[in-house]
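Structural description and commentary
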Amino acid sequence: MTERPPILELRDIDKSFGPIDVLHKISLKVHEGEVLCLLGDNGAGKSTLIKTLAGVHKATAGTILMDGEPVEFNRPRDAADRGIATVHQFGGTFPLMSIGRSFFVGVEPTKQWGPFTVFDRKKANEIAVKAVQDFGITRINDGDRLVGGLSGGERQSLAIARAVYFGARVLILDEPTAALGVKQAAHALRIVNEAKRRGLAVIFITHQVMHALAVGDHFAVLIRGSVAADFRKNEKTREEITDLMAGGESMADLEASVEGYVESHEGRLPPTNADE
Amino acid sequence: MNAFGHFLRRPEAASIISLLAVIAFYVIFGGVDLSKLFGAASWVNFAANLGIVAIPVGLLMISGELDISIGAMIPAGSMTTAILSGYYELPILVGMLGALSVGVLVGIVNGLLTVRTTVPSLIITLGTLVAMQGIILSASVLLTGNASVPLDAPAWAKFVFGQLIGGSHQIIIIWWVVLTVIFAFVVHRTRYGNWIFAMGGDRDSARNLGIPTNRVTVILFILSATSAAFVGMCQAILFNSAQVSGGMNFIFNAIVSVVAGGVLLTGGFGSVIGIFVGTLTFAIVNQGIYFTQIDRNWSNLIIGVILLVAVGMNETFREKALSYVPKKKKT
Ligand SMILES: Nc1ncnc2c1ncn2[C@@H]1O[C@H](COP(=O)(O)OP(=O)(O)O)[C@@H](O)[C@H]1O
Ligand SMILES: [Mg+2]
C-alpha cells in the first residue's frame, strides 16, 4: 500500500436510471503506476461505472475522490480536465481523419502563414507520430494516414498515446482487447504496461481473465452492479476468478463470493432521486 | 504509380474522374465540339450560381447536417432585394443588406432548432423551406400586389453583382471562384476545418474535446442560407426583376453536386475542391447536353447514373483511403 492517497477513489457509488438500479455501493481505489482490472459478465455494470467516472453519468449517491479530495463531474469535460481519459473499444473516434488531425482535434497547433493563422499540419503529424512511436508502434510513420486505416491495436495505441500526451493521469480502457485478435491483443496489453510504467493509473475493463492477469495489479469483480470480489495480484488463480465471474449466474455462488453488502440490498432498492 | 495511388485516396478523386468521364462521353457519343463547349457561357453561369450554394451545403453535410431550405432562400434573396430597392426605391445597399439579413436570420433559426432539438435537420429545414415560401409569397402580394417585382439597380451594383462579362459570362462566376478559394483555405488550412470534419465523424466526442459544436453548426447554417440569399440577390440585380417562384431545383442540384464531389452522405469526409468539381460535372451534364446530339431528356438519366456511380465510388475511395498501408520506406 502506498502512503499517498490514491489518484482516484470511489466511495459507496450508487447509480440508478430512474427505477433501474445499476450500481450499488461501489468502492474502489486506484494508485498511480497501477492497473486495476474491472472484471464482470455482460450487463454487470462495467460500462455504467466507467461512464460515471468519465463524467457521462452522474452518480446517484456516493463520492468520487481524486488525490484524496472529493470531486464532482457534471460533464465529460470536467473529468477530462482532471486527467481522466477514456479509450473506447475501437480506439479513435474519427476514422476518416488523418492521424495528425485527429490527434489534435480541438487543440490544433497553428503557425503564421503571411497574415493568416493556419493549421500546422507538419507539426501535428510529427508530434502524433512521435507520441505513438514512443509507445513502441514504429510502424506508424506517416501522420497523413487515416486513423480508420490502422489496425485495431494501432488505433488503441494511438488513442492511449494521445491521452498520455495531453497529460492523462487516469486511463480508462473499455474492453480494449475484445475486438482484437490474439496478436493484436498482446500488442494492446504491452501498451497498457507501458502506460503503467509511465506512472499512469489504468482502469482496464475486460471479461477476458487471461488479459486481466497479464497486466493487472489489482482486480475487482463486478456482479449485478456490486463489487463481488476485490483482490490483488496472485491472491486468486485464474480458475477462481472465472468461477467468480460466472457466479453472477446463480444465487448460491453469488452469495458465497460477495463481500457481504450485496445481500443487504437484495430485492430492496435504496431511495433514489432520479435526476438525469 | 505512387502519385496516382495518392491521388485516388483524396476525397475529390472520384469527382475529377467523373468530370473527365462525362466530357469523354459527350465527345464520343454526343459529338461535342470541345472548343465550343468550353467557350460557352451557359453551363459556367449555371455552375457558378449553383456552386456558391453547393459549398456551404456540402460543408453542412460533412459536419453531419442537411439544409434544404436553400430552395426558398434564393427567391427570398431576390425578392427582398427587389421589394426594398425596386418597389420601395430604397438605396440598393439597403436591399442587399436586407437580402443577406434574411439569409442570416433563417440560418440562425435553422441552426438553433437543429442544436436545441433532436429533430433531424432535414425535417427542420423542410419546415423552414415551406414556411419561407409562404412568407415570400404573402409578403410580396401583400406589399406589392404582385408575385414579380422589377428592380433597376445602379451601375456600380450591376458592375459588381450583375455584370455580363463579354456579354455572356455572369460576374457571379468570379464570386464563385473567389468564394471557393476562401472556403477551401478555411476548411483545409485552418483549424476550423478540422472541427467540421471532427463533428461529422463523431459529434459527442468533438464536443467533449472542446469544440463549440453548437456554434459551428449555427454558423454553417447561416453560411448556407446567406449564400443562397446572395445568389438570389445577384440574380435580381442581373435580370432587373425577381419572382417568388424558382429555386427549388437548387435543392436537388446542390445535393447531387456535393455527393458527386465526393462528400460522404454520412458526414466526416469530403473537400471543397471536390464540391467545386462536382458542381462543374453536374453543370456540364445538365447544360452541356445542348451541345450534343443527345436528346435533352436523357440528361436526367445521366445525372442519375453519375449520382449512383459517385456514391459507389465514394464508398470505394473511402475504403481505399482507410486501407492505406505505406510501402516499405519513404517518410
Ligand atoms: N441509460 C440506461 N438506462 C437504463 N438502464 C441502463 C442504462 N445504461 C445501462 N443500463 C443497464 O445497466 C446494466 C449494466 O449495463 P452496462 O454498464 O452496460 O454493463 P456492462 O458494461 O458490464 O456489460 C444493464 O442491465 C443495462 O441494461
Ligand atoms: Mg460494456
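Residues numbered from 1 in each chain as written. Chains lettered and ligands numbered in written order. Predicted model: local features only at pLDDT ≥ 70, side-chain atom pairs only at ≥ 80, totals over all residues. Heavy atoms only, no water.

Focus on the domain arrangement of chain A
Residue and element names in this part refer to chain A. In terms of domain boundaries, chain A breaks down into domain 1 (8–93 + 152–264) and domain 2 (97–145). Taken together, the 14 residues of domain 1 in the interface contact 15 residues of domain 2. Where domain 1 meets domain 2, there are one salt bridge. Arginine 139 is paired through a salt bridge with glutamate 154; the nearest N and O atoms lie 3.3 Å apart. Linking domain 1 with domain 2 are three residue pairs in polar contact (both at pLDDT 80 or more), by the criterion used here. At the level of secondary structure, the elements contributing two or more residues to the side of domain 1 that touches domain 2 comprise helix H5 (152–165) and helix H6 (182–197). By residue number, the principal contributor to the side of domain 1 that touches domain 2 is H5, which donates eight residues. By residue class, the composition of the side of domain 1 that touches domain 2 is eight nonpolar, two polar and four charged. (Domains from an automatic or database assignment. Contact = heavy atoms within 4.5 Å. Salt bridge = Lys/Arg side-chain N within 4 Å of Asp/Glu carboxyl O. Polar contact = N/O pair within 3.5 Å; in protein donor to acceptor, adjacent residues only side chain to side chain. Helix = DSSP H or I, 4+ residues; strand = E, 2+ residues; numbered from the N terminus. Nonpolar A, V, L, I, M, F, W, Y, C, P; charged D, E, K, R; others polar.)

Regarding helix H4 (residues 42–62) of chain B
Residue and element names in this part refer to chain B. Between its terminal C-alpha atoms H4 stretches 29 Å, which fits the 30 Å expected from 21 residues at 1.5 Å a residue. Considering bend angle alone, the principal kink of H4 is centred on glycine 51 and spans about 35°. Counting buried positions along H4 yields 19 of 21 residues, so the element is predominantly enclosed. The positive-phi residue at the C-terminal boundary of H4 is glycine 64, with phi of around 100°. (Expected span 1.5 Å × (residues − 1). Bend = angle between axes of the 7 residues up to and from the residue. Buried < 20%, exposed > 50% of the residue type's maximum accessible area, 1.4 Å probe, protein only.)

Examining the sheet that holds strand S5 (residues 69–71) of chain A
Think of a sheet as strands paired side by side through backbone hydrogen bonds, with each pair either parallel or antiparallel. Residue and element names in this part refer to chain A. The four strands are arranged S2-S1-S4-S5 in an open sheet whose pairing can be described as antiparallel. Looking at strand neighbours, the two that pair on one side only are strand S2 (20–30) and S5, the edges of this open sheet. Direction aside, neighbouring strands of the sheet carry axes that sit 30° apart on average. (Pairing = 2+ DSSP bridges. Axes fitted to C-alpha atoms, helices over the stretch in contact; angles between N-to-C directions.)

What about H6(A)?
All names here are of chain A. Compared with the 22 Å implied by 1.5 Å per residue over 16 residues, the 23 Å span of H6 between its first and last C-alpha is a close match. Buried residues of H6: Ala185, His187, Ala188, Leu189, Ile191, Val192, Glu194, Ala195 and Lys196, and no others. Buried residues in H6 make contact with strand S3 (35–40), H5, strand S9 (170–174), strand S10 (201–206) and helix H7 (209–215). Backbone geometry just after H6 places glycine 199 at a positive phi near 90°.

Section: the confidence of the model for chain A
All names here are of chain A. Averaged over all residues, the pLDDT of chain A equals 84, while 87% of them reach at least 70. Overall, residues 248–263 carries pLDDT values under 50, and its contacts beyond four positions in sequence, including any with other chains, amount to 22 contacts. Note on residues 267–276: pLDDT under 50 across the span, and 13 contacts to partners over four residues away in sequence or across chains. (pLDDT = per-residue confidence, 0-100.)

Points about the interface of chain A and chain B
Opposite the 26 residues of chain A that make contact, chain B presents 29 residues. When the two sides are added together, the surface that chain A and chain B hide from each other amounts to roughly 2,400 Å², 58% of it contributed by carbon and sulfur. Across the chain A-chain B interface, the total number found is one salt bridge. A salt bridge links Glu108(A) to Arg191(B); the nearest nitrogen and oxygen atoms lie 3.2 Å apart. On the surface where chain A and chain B come into contact, there are eight residue pairs in polar contact (both at pLDDT 80 or more). Breaking the side of chain A that touches chain B down by element, the ones donating at least two residues are helix H2 (76–81), strand S7 (110–113) and strand S8 (116–119) of chain A. With four residues, S8(A) is the largest single contributor of residues to the side of chain A that touches chain B. Its residues assigned to classes, the side of chain A that touches chain B comprises 13 nonpolar, seven polar and six charged. (Buried area = accessible area lost by both parts, 1.4 Å probe.)

Re the pairing of strand S4 (residues 61–66) of chain A
Each regular strand shows side chains that alternate between the opposite faces of the sheet. Residue and element names in this part refer to chain A. Across five bridges, the pairing between strand S1 (residues 8–17) and S4 is antiparallel. Counterpart to arginine 11 in the pairing with S4 is threonine 63. Where S4 meets S5, three bridges bridge the pair, whose relative direction is antiparallel. Within S5, the residue paired with isoleucine 64 across the bridge is valine 71. Hairpin connection of S4 to S5: two residues between the antiparallel strands, including aspartate 67 at a positive phi of 50°.

Some words on the packing of aromatic side chains
Two descriptors summarise a pair of aromatic rings, namely the distance from one centre to the other and the angle between the planes of the rings. Residue and element names in this part refer to chain A. Under the counting rule described, the total for this entry stands at 20 aromatic pairs over all chains. Ring centres of phenylalanine 219 and phenylalanine 231 lie 5.4 Å apart, and the angle between their planes is 15°; this geometry places the pair in the stacked category. In this pair, phenylalanine 219 sits in strand S11 (residues 218–223) while phenylalanine 231 sits in strand S12 (residues 226–232), placing the two residues twelve residues apart along the sequence. For the pair shown, phenylalanine 219 and phenylalanine 231 are each scored as buried. Cation over ring: lysine 15 sits above phenylalanine 17, and NZ or CZ is 5.1 Å from the ring centre. For arginine 198, the ring lying beneath its charged end belongs to phenylalanine 135, and the centroid distance is 4.2 Å. (Phe/Tyr/Trp six-rings, centres within 6.5 Å; stacked < 30°, edge-to-face > 60°. Lys NZ or Arg CZ within 6 Å of the ring centre and 35° of its normal.)

Here we look at the pattern of salt bridges
Scanning the entire structure with this criterion turns up 17 salt bridges over all chains. The salt bridge involving Asp67(A) is made with Arg169(A); its shortest N-O contact spans 3.0 Å. With Asp67(A) in the loop between S4 and S5 and Arg169(A) in the loop between H5 and S9, the pair connects residues that are 102 residues apart, well separated along the chain. Classification of Asp67(A) as partly exposed rests on a relative accessible area of 34%. Using a relative accessible area of 28% as the deciding quantity, one classes Arg169(A) as partly exposed. Across the pair Arg207(B) and Asp204(B) runs a salt bridge, and its minimum N-O distance is 3.3 Å.

Looking at the sheet that holds S11(A)
Residue and element names in this part refer to chain A. Reading across the sheet, the six strands line up as S6-S9-S10-S3-S11-S12 and stay open at both edges, with mixed pairing between neighbours. Each edge of the open sheet carries a strand with a single partner, namely strand S6 (84–87) and S12. Pairs of neighbouring strands in the sheet enclose a mean axial angle of 20°, with direction left out of account. Two strands pair when backbone bridges link them, and S9 and S10 are joined in this way by five bridges, in the parallel orientation.

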